[in-house]
Amino acid sequence: MASNKRDQLLNTAENLFYREGYHATGIDRILAESGVAKMTLYKHFKSKDELILAVLDARHELMLARLRERAGKLPPREALLGVFDGLHGMIHGNGAFCGCLFINAAAEYQDREHPIHRRSAAYKAELQSHLRELLERLDAPEPLRLARQLQYLLEGALSMAHIEGPGEQALDAKAAAECLLTAAGI
């Protein structure tokens, strides 16, 4: 039962952090919306920062599991381009699109040494590593450089969808990614 309460806290906190921001969302609001007692919250998380880190960890695991699952089912080039399709689906998913949970966290916790900022950066680094691994499987020239370029397209599409509202940002970025892959001989 306790893990259900923990998951309930994580899900409620993630939704509120995503929609309203980390600093703007207080513990009392999370408790009220989750229906979980304060004692239960502090049994699982010593502080709001620890709750935020747990939310980021859960999202990190979920996103990378999805990427790896797709990479295991598709040829590497299709898996690379499929990341943009996944982003398009995320941008147009249920509810209002409020950007990237990790970018938003890094923006609110700007000190690069803060654990929340570092956790956000770790996710982005692992995403880049995933792209690089797919490119290495394709024997791409300069796989790290190309992975960074593809990630810039992804991050730009995410940011612009947040600023402009959901549109074709991810598909436009995918078209640019196809040009980069073709230029690299892939």
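The rules behind the values
- Residues numbered from 1 in each chain as written.
- Predicted model: local features only at pLDDT ≥ 70, side-chain atom pairs only at ≥ 80, totals over all residues.
- Heavy atoms only, no water.
- Helix = DSSP H or I, 4+ residues; strand = E, 2+ residues; numbered from the N terminus.
- Rg over C-alpha atoms; globule rule 2.2 N^0.38 Å.
- Buried < 20%, exposed > 50% of the residue type's maximum accessible area, 1.4 Å probe, protein only.
- Contact = heavy atoms within 4.5 Å.
- Areas by Shrake-Rupley, 256 points an atom, 1.4 Å probe, with all protein chains shown as cover.
- Lys, Arg positive; Asp, Glu negative; His and termini not counted.
- Charge placed at Lys NZ, Arg CZ, Asp CG, Glu CD.
- Phe/Tyr/Trp six-rings, centres within 6.5 Å; stacked < 30°, edge-to-face > 60°.
- 1 Å grid on protein atoms, 1.4 Å probe; cavity = no way out; pocket = protein on both sides within 12 Å on 5 of 7 lines; lining within 4 Å.
- Points joined across faces, edges and corners; volume = space filled by probe spheres on them.
- Nonpolar A, V, L, I, M, F, W, Y, C, P; charged D, E, K, R; others polar.
- Salt bridge = Lys/Arg side-chain N within 4 Å of Asp/Glu carboxyl O.
- Axes fitted to C-alpha atoms, helices over the stretch in contact; angles between N-to-C directions.
- Parallel < 35°, antiparallel > 145°, perpendicular 65-115°, else oblique.
- Left-handed = near helix turned anticlockwise from the far one by under 90°.
- Core = buried A, V, L, I, M, F, W, Y, C linked by side-chain atoms within 4.5 Å.

Novice: Give a detailed account of the overall build of the protein, specifying residues and quantitative values.
Specialist: Within the protein one finds nine helices and zero strands. In the protein, the succession of α and β elements from N to C terminus is α-α-α-α-α-α-α-α-α. Against the 2.2 N^0.38 benchmark of 16 Å for 186 residues, the protein shows a C-alpha radius of gyration of 18 Å, consistent with a compact globule. Taken along its principal axes, the extent of the C-alpha atoms in the protein is 60 × 30 × 30 Å. For the protein, buried positions account for 44% of its 186 residues. Considering only intrachain contacts with a sequence separation of at least 6, the fraction spanning at least 24 residues in the protein is 68%. For the protein, the accessible area works out to roughly 9800 Å², and carbon and sulfur atoms hold 53% of it. Placing the 23 positive and 25 negative side-chain charges of the protein at their respective mean positions leaves the two points 4 Å apart.

Novice: Before we move on, can you summarise the environment of Ala-54 with the specific residues and values?
Specialist: Position of Ala-54 relative to the elements: it lies in helix H4 (residues 48-73). Beyond its immediate chain neighbours, meaning those up to four positions away, Ala-54 contacts Arg-6, Leu-10 and Phe-45.

Novice: Would you mind going over the packing of aromatic side chains in detail, with residue names and values included?
Specialist: In total, this model carries three aromatic pairs according to the counting rule given. With 4.0 Å between their ring centres and 15° between their planes, Phe-102 and Tyr-123 make a pair best called stacked. Of this pair, Phe-102 sits in helix H6 (residues 101-108) while Tyr-123 sits in helix H7 (residues 115-137), and the two are 21 residues apart along the sequence. The same class applies to Phe-102 and to Tyr-123, which are both buried. Here the aromatic cluster, defined as three or more aromatic residues joined through ring pairs, consists of Phe-17, Tyr-22 and Tyr-109.

Novice: Could you give me a rundown of the layout of surface pockets, with the residues and numbers involved?
Specialist: A volume near 890 Å³ is recorded for the largest pocket. In terms of lining, the largest pocket is formed by 34 residues, of which the most central are Arg-59, Met-63, Arg-66, Gly-86 and Met-90. If one sorts the elements of the lining of the largest pocket by residue count, H4 sits on top with eight residues. Within the lining of the largest pocket, the residues separate by chemical class into 17 nonpolar, eight polar and nine charged.

Novice: Could you give an account of the pattern of salt bridges, with specific residues and numbers?
Specialist: A full pass over the atoms with the stated rule returns 12 salt bridges. Note that Glu-136 and Arg-132 form a salt bridge whose closest N and O atoms lie 3.1 Å from each other. Residue Glu-136 and its partner Arg-132 are both found in helix H7; the two are separated by four residues, about one turn of the helix. A relative accessible area of 39% means that Glu-136 is categorised as partly exposed. Since its relative accessible area comes to 25%, Arg-132 is described here as partly exposed. Residues Arg-145 and Glu-142 are paired through a salt bridge, measuring 3.9 Å at the closest nitrogen-oxygen approach. Taken together, the shared-partner salt bridges connect Arg-19, Glu-20, Arg-29 and Glu-33 into one network.

Novice: I'd like a description of the packing of H7 against helix H8 (residues 143-164), backed by residues and values.
Specialist: The interhelical angle for the contact between H7 and H8, taken along N-to-C directions, is 130°, at an axis separation of 8 Å. When the interaxial angle is binned, H7 and H8 end up oblique. The element H7 and its partner H8 pack so that their crossing is right-handed. For the pair H7 and H8, the contacting residues are Lys-124, Leu-127, Gln-128, Leu-131, Arg-132, Leu-135 and Glu-136 in the first and Pro-143, Leu-144, Leu-146, Ala-147, Arg-148, Leu-150, Gln-151, Leu-154, Glu-155 and Leu-158 in the second. Of the residues belonging to the contact of H7 with H8, the class tally is 10 nonpolar, two polar and five charged.

Novice: Please provide a residue-by-residue account of the nonpolar core, values included.
Specialist: Of all hydrophobic cores here, the largest spans 54 residues; its most connected members are Phe-17, Tyr-22, Ile-30, Leu-51, Leu-56, Leu-135 and Leu-181. Of all the secondary structure elements, the ones that give two or more residues to this core are helix H1 (2-20), helix H2 (27-34), H4, helix H5 (76-91), H6, H7, H8 and helix H9 (169-183). Ranked by the residues each element gives to this core, the list is headed by H4, at 10 residues. With residues up to four places along the chain from it excluded, the contact list for Phe-17 reads Tyr-22, Thr-25, Ile-30, Lys-48, Leu-51, Ile-52 and Val-55.

Just distances and angles here, no functional claims.
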